[in-house]
Amino acid sequence: MAATKHTLVALVEDRPGVLNRVASLFRRRGFNIQSITVGHSETAGISRMTIVADGTNTSVEQVRKQLDKLVETIKVSDITAEDRVERELALIKVKSTSATRGEIIQIVDVFRANIVDVALDSLTVEVTGDENKMNSLLNLLQAFGIKEVCRTGKIAMTRGIVNPGESSRKQTASEE
Amino acid sequence: MKMTGGQIICDCLVKEGVDTIYGILGGAILPLYDTLPQFPQLHHILVRHEQCAAHAAEGYARATGKVGVCFATSGPGATNLVTGIANAYLDSTAMVAITGQVARRFIGKDAFQEIDITGITLPITKHNYLVRDGAQLAKVMKEAFYIARTGRPGPVLIDVPKDVFTEQVEYHSPGKVDLPNFKPTMKGHPAQIQKAAKMINEARKPVIIAGRGVIISNASPELKELAEKSQIPVVTTLLGISSFPESHVLSYRWIGMHGMGYANMAVNNADLVIAIGMRFDDRATAEVSGFASHAKIIHIDIDPAEIGKNVPVDVPIVGDVKAVLGPLNKLVEAAQRGEWLKQLDDWRREHPSTDIRETSSILPQYVINQIYHNTNGDATIVTGVGQQQMWAAQHYTYNHPNTFISSGGLGTMGFGLPAAVGVKMGRPEGTVWLIDGDGSFQMTLHELATIQQEKLNIKIAIMNNGFLGMVRQWQELFHGKRYVATPLWGPDFVKLAEAYGIAAVKVRRKDEVIPAIQQAMSYDGPFLIDFGVEPEENVYPMVPPGASLSQFLEMPRKEEALWPQRSTL
């Protein structure tokens, strides 16, 4: 089975060492984490992680179950197959001269991104969107010379359903 | 009531039913030891190396079904525990390890004997704690014991800074454990149990593979009921040995790399495998692509992460073995499987797997078989790791649940002697034999001191072949007989035992074997026998690496039987 990109959402207790436990499990089972984001959830004391990693369906399911066993994880869902909203934020510092500045600003406008800093020889662009949008903008800006890129990694949420991955969880429960 | 951290820990241990603790003290854990005399219910056993504290705690836990407890100080004390904790993790043994840590103000400063033991043990514990607040101790202790023994058992480590042991805090005995996210599934899903029963009832050539989960769950009676009711042959994994009486007509003993040829053939020719409380370890399955390829698989295990991990499963049932087999047995219909059982009996005749050939030298197989006969099969056998472990599994017949105690998952040489300490303390009335190798024994032989100090009546049989024998066997078979670093000098084990005040005899002639075993049995106290055995004896059957379970090598019968000689199936 071919490895594909998976998006997992983990609700975990907000305690020291939890991020280490989660990340360590991916390392232990031989997964490369493409991105991991952590922040507060809607409930006090519970953090929400979005993890993007490559793997086959069965191996990702294995990691999901291992994560589920951690005492401090509340719920782990693979939402790859779900209808979902994904966003990422990036700051991109692009080389610019008086000659190219106008063109860059035009591109940034088309992408509904913002210029957040201007210097004599560079512009810093703030962009939010899904992965395709990020990559397209980066491709275009490459032509001008990119000095620095800082990406937050993806955050994701299923559409309309309150509990992410509920449907796939139910299926798993009935299988077992 | 105000109490110190150390008093709280001890009081919690007593409340958890702990009576025996294995450990070694040091600076950071000294205040905890200082409170021990206030709790005479807690019997502390001083071992000679912290690794052995963990192994002894594991032996005690496995013999009694209780949670094993060990103590160590910070730094090297804690790191020495690591092998023992890993062993307990891989063999699913409930254990709580308490380590001293440097005082809170020194944490993170690379202070003397400071090590990040919670970081180090992260992947080998079910959970671990660094307690930075004495007020949390009671809750942490309660949780740790609950986590260690609930669901799939395993080790939990609690790291306690020195000044937390002495901190005066208000002590309230904690009520119920509140871990909303830790709720192992105990009962099997009824629909899945129904599906499994249907498959069993429809199967023509089913086989049960029983693992250590059956022993942990005390489910041997239920396993026997299932096998007898539906006339299903039973094989076990290495750690499942003794979960089903090996003299039973439906027992085909155990599978795996050195399992019985006929047991391996049974699995690979079955149309249904009922895997109970086992995890499809690679030593049990051999090459996984060829494992039970004609069979549908039912997998009963308490750990959902084991389902589908190594082998795809048709009907998974997550739950405690005992809780699943009860309702399953009700749905399983009585059956007759004469033809299938006859086939297995034929294979057993063709591939007897444990025949002992006539020699003038002492064969380790012969020694173990004699220990079996002279103990009437009633002893608990503890082993080291290596060839002797496999021979102990093959040539002793286990008819009582939980009488084979060995390091499976981690394969820890040196496990035997310290584990035997814990096993004997857990079963003071029972006969305990340690079957060890000269290599494995030399890794932890200092525990002879603990045995003598505690006056533990353990019988020790060393299969002394002057080699790290299992590795030598691999060098012989797969590395052109280049014996690199496997020839092993050893001390005079009899003199060594005597130096520890332990009675011992040396056996170098075959006719001395039985008298020596009888002498050990009748001696009131620990006794060591150094058996000089055939140096280059190999363990057979053997499934070579990369081969499937039924492609086992058998004992070459005559000189002309060239390796590799594989079974045709």
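Given the structure is predicted, the values throughout are model-derived calculations rather than measurements.

## Considering the overall build of chain A
A count of helical and extended segments in chain A gives five helices and nine strands. Reading the secondary structure of chain A in the N-to-C direction produces β-α-β-β-α-β-β-α-β-β-α-β-β-α. By principal-axis analysis of the C-alpha atoms, chain A measures approximately 65 × 35 × 35 Å. Buried residues in chain A amount to 43% of all 176 residues.

## Structural notes on the domain arrangement of chain B
All names here are of chain B. Partitioning chain B into structural domains gives domain 1 (2-170), domain 2 (190-350) and domain 3 (364-532). For domain 1 and domain 3, the distance between their C-alpha centres works out to 29 Å. Each side of the interface is counted separately: domain 1 has 23 residues, and domain 3 has 26 residues. Between domain 1 and domain 3, roughly 1800 Å² of surface is buried when both sides are summed, and carbon and sulfur atoms account for 62% of that area. Per-residue buried area on domain 1 facing domain 3 is highest for Arg 48, Arg 62 and Ala 63; these three make up 29% of the total on that side. The tally of links from domain 1 across to domain 3 stands at zero salt bridges. Run the count over domain 1 and domain 3 and you get 11 residue pairs in polar contact (both at pLDDT 80 or more). Tallying contributions element by element places helix H3 (residues 50-64) first for the side of domain 1 that touches domain 3, with 10 residues. When the residues that make up the side of domain 1 that touches domain 3 are grouped by side-chain class, the tally is 10 nonpolar, nine polar and four charged.

## What about empty space enclosed by the protein?
Over the atoms a probe the size of a water molecule is rolled, and this reveals where empty space is left. Residues and elements named next belong to chain B. The final tally for this structure, using the stated rule, is four cavities of 30 Å³ or more. Computed from the structure, the second largest cavity encloses a volume of approximately 40 Å³. In terms of lining, the second largest cavity is formed by Ser 353, Thr 354, Asp 355, Gln 365, Trp 391, Gln 394, His 395, Asn 538, Tyr 540 and Met 555. Residue contributions to the lining of the second largest cavity peak at three residues, all from helix H16 (residues 387-395).

## A look at the side chain of Ser 217 of chain B
Residue and element names in this part refer to chain B. Looking at the secondary structure, you find Ser 217 in the loop between helix H9 (212-216) and helix H10 (220-230). At 3.2 Å, the side chain of Ser 217 forms a polar contact with the side chain of Asp 320. Among residues more than four places away in sequence, those in contact with Ser 217 are Asp 320, Val 321 and Lys 322.

## Re the sheet that holds strand E3 (residues 46-55) of chain A
All names here are of chain A. Ordered in space as E2-E3-E1-E4, the four strands form an open sheet in which the pairing is antiparallel. Two strands bound the open sheet, and with one partner strand each, they are strand E2 (33-40) and strand E4 (73-78). Looking at each pair of strands side by side, their axes are set apart by 15° on average, direction ignored. Bridge count between E2 and E3: seven bridges; the pairing is antiparallel. For Thr 37, the partnering residue across the bridge sits in E3 and is Thr 50. Contacts from helix H1 (residues 18-28) reach strand E1 (4-13), E2 and E3 within the one sheet, and its direction differs from that of E3 by about 15°.

Parameters at a glance
By convention here, each chain's residues receive numbers from 1 onward along its written sequence. The order in which chains are written sets their letters, starting at A; the order in which ligands are written sets their numbers, starting at 1. This being a predicted model, a pLDDT of at least 70 is required before a residue's local features are given, and a value of 80 or more before pairs of side-chain atoms are given or counted; all residues contribute to the totals for chains, interfaces and linings. As a convention, hydrogens and water are excluded, and side-chain values are obtained from all of the structure's heavy atoms. Numbered from the N terminus, helices here are DSSP runs of H or I no shorter than four residues, and strands are runs of E no shorter than two. The buried label goes to any residue with under 20% of its type's maximum accessible area, the exposed label to any with over 50%, and the partly exposed label to all in between, with areas taken from a 1.4 Å probe on protein chains only. Throughout, the edges of the domains are those of an automatic or database domain assignment. Only heavy atoms enter the contact rule, under which two residues are in contact if any of them lie within 4.5 Å. Joining two parts hides part of their accessible area as seen by a 1.4 Å probe, and the buried area is that hidden amount summed over both. When a carboxyl oxygen of Asp or Glu lies within 4 Å of a side-chain nitrogen of Lys or Arg, that pair is called a salt bridge. Distance and chemistry together define a polar contact, namely a pair of N or O atoms within 3.5 Å, with one atom able to donate a hydrogen and the other to accept it when in protein, and with adjacent residues in sequence counting only for side-chain atoms on both sides. Amino acids are sorted into nonpolar (Ala, Val, Leu, Ile, Met, Phe, Trp, Tyr, Cys and Pro), charged (Asp, Glu, Lys and Arg) and polar (every other residue, Gly among them). Put plainly, a pocket is an open set of points on a 1 Å grid over the protein atoms alone with protein on both sides within 12 Å along at least five of seven lines, a cavity is a set where a 1.4 Å probe fits but cannot get out, and a lining residue has an atom within 4 Å of a point. Grid points are joined across faces, edges and corners, and a volume is the space filled by probe spheres set on the points. A pair of strands is labelled paired if DSSP reports no fewer than 2 bridges between them. Geometry is summarised by axes, namely lines fitted to C-alpha atoms with helices restricted to the contacting stretch, and by angles between N-to-C directions that run from 0 to 180 degrees.

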